[in-house]
Amino acid sequence: SSGINAEYGVDRGRIQISLYYQANQELKVTIVRCSMLMVPGSDNLPNPIVKVNIKPSLKRNKFKRKTEIIKQTSNPEFGPKAKFTYDISSTDIESNDRCLEVTVYDCTGLKRLSYIGGVVLGKESSGTARSHWRDALSSCGHRVTRWHMLEGPSTSGVGECSSLELTDPNVQESTLSPAAP
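Here's what I pulled together on the structure shown here. (Residues numbered from 1 in each chain as written. Predicted model: local features only at pLDDT ≥ 70, side-chain atom pairs only at ≥ 80, totals over all residues. Heavy atoms only, no water.)

1. A few points about the nonpolar core
So, step 1. Residues I15, I17, V29, I31, V50, Y86 and L100 are the most contacted members of the largest nonpolar core, which totals 32 residues.
So, step 2. At the level of secondary structure, the elements contributing two or more residues to this core comprise β3 (14-22), β4 (26-35), β5 (48-55), β7 (83-87), β8 (99-107), β9 (112-121) and α2 (127-138).
So, step 3. Other than its neighbours up to four places away in sequence, V29 contacts I17, S18, L19, V52, A82, K83, F84, Y86 and L100.
So, step 4. Membership of the second largest hydrophobic core comes to 5 residues, among which are I49, Y105, C107 and Y115. (Core = buried A, V, L, I, M, F, W, Y, C linked by side-chain atoms within 4.5 Å. Buried < 20%, exposed > 50% of the residue type's maximum accessible area, 1.4 Å probe, protein only. Helix = DSSP H or I, 4+ residues; strand = E, 2+ residues; numbered from the N terminus. Contact = heavy atoms within 4.5 Å.)

In structure tokens form, the structure reads like this:
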């Protein structure tokens with residue numbers, strides 16, 4: 001059942017993310033698993049999908065990726081297909097103030113998505129999200145894996161890297177788009 005978490009409000013679940021930054025040119029992001037996913041306002045098991053995006057992006061869809069949908073589970077394991085590689089230099093990350101936006105949705109059928117929660121990893125983030133990003137970039141050649149609490153739209157920082165609010169407060173429902181290469 002859904003619980004209340006004093007720091008984050010409604011407990012939406014957790015996500016385990018692995019970052020591997022190689023030779024100051026390549027960021028590998030792996031969505032390992034989620035745990036205790038809860039869809040706000042629903043008692044049904046979610047059909048989770050995770051979207052990963054490096055922001056800000058100069059070219060539309062250049063950095064967008066997503067996992068496959070996993071049917072009816074609160075504890076999905078994503079496996080090898082949830083590994084995404086980004087060709088991005090440390091200079092680009094720093095000079096463009098890039099961050100990693102990870103959002104979890106429930107695919108409710110008819111290609112409709114309902115927002116479960118998200119997290120933004122970057123130098124403007126706080127707590128575990130900030131330290132995970134910093135440690136991954138400074139530990140070149142070493143995988144850094146951490147758990148993150150999923151946060152709601154008003155607190156997740158989903159949107160621009162330096163913002164603490166969504167750029168579009170109506171993001172809770174969106175349509176499913178084709179996967180990026």
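Now that the structure has been shown, we can carry on.
2. As for the environment of R65
So, step 1. For R65, the location among the structural elements is in strand β6 (residues 65-66).
So, step 2. The exposure class of R65 is buried, given its relative accessible area of 15%.
So, step 3. In the structure, R65 is positioned 19 residues away from F84 in sequence and 7.2 Å away in space, judged by C-alpha atoms.

3. Quick look at the sheet that holds β3
So, step 1. The 4 strands are arranged β7-β4-β3-β10 in an open sheet whose pairing can be described as antiparallel. Two strands close off the open sheet at either side, each with one partner strand: β7 and β10 (143-149). Going from strand to strand, the sheet's axes swing by 25 degrees on average, the running direction of each strand aside.
So, step 2. Bridge count between β3 and β4: 9 bridges; the pairing is antiparallel. Paired with Q16 across the two strands is R33, which belongs to β4.
So, step 3. Packing against the sheet, α2 makes contact with β3, β4 and β10, and its axis sits at approximately 170 degrees to β10. (Pairing = 2+ DSSP bridges. Axes fitted to C-alpha atoms, helices over the stretch in contact; angles between N-to-C directions.)

4. A few points about the packing of aromatic side chains
So, step 1. The full count for this structure, using the stated rule, is 2 aromatic pairs.
So, step 2. Consider the rings of Y105 and Y115, whose centres lie 5.7 Å apart with planes at 75 degrees: the pair is edge-to-face. Of this pair, Y105 sits in strand β8 while Y115 sits in strand β9, placing them 10 residues apart in sequence.
So, step 3. On the basis of relative accessible area, Y115 is assigned to the buried category, the value being 4%.
So, step 4. Over the aromatic face of W147 sits the side chain of R14, whose NZ or CZ is 4.2 Å from the ring centroid.
So, step 5. One Lys or Arg, K51, reaches over the ring of Y105 and ends 5.4 Å from the middle of that ring. (Phe/Tyr/Trp six-rings, centres within 6.5 Å; stacked < 30°, edge-to-face > 60°. Lys NZ or Arg CZ within 6 Å of the ring centre and 35° of its normal.)

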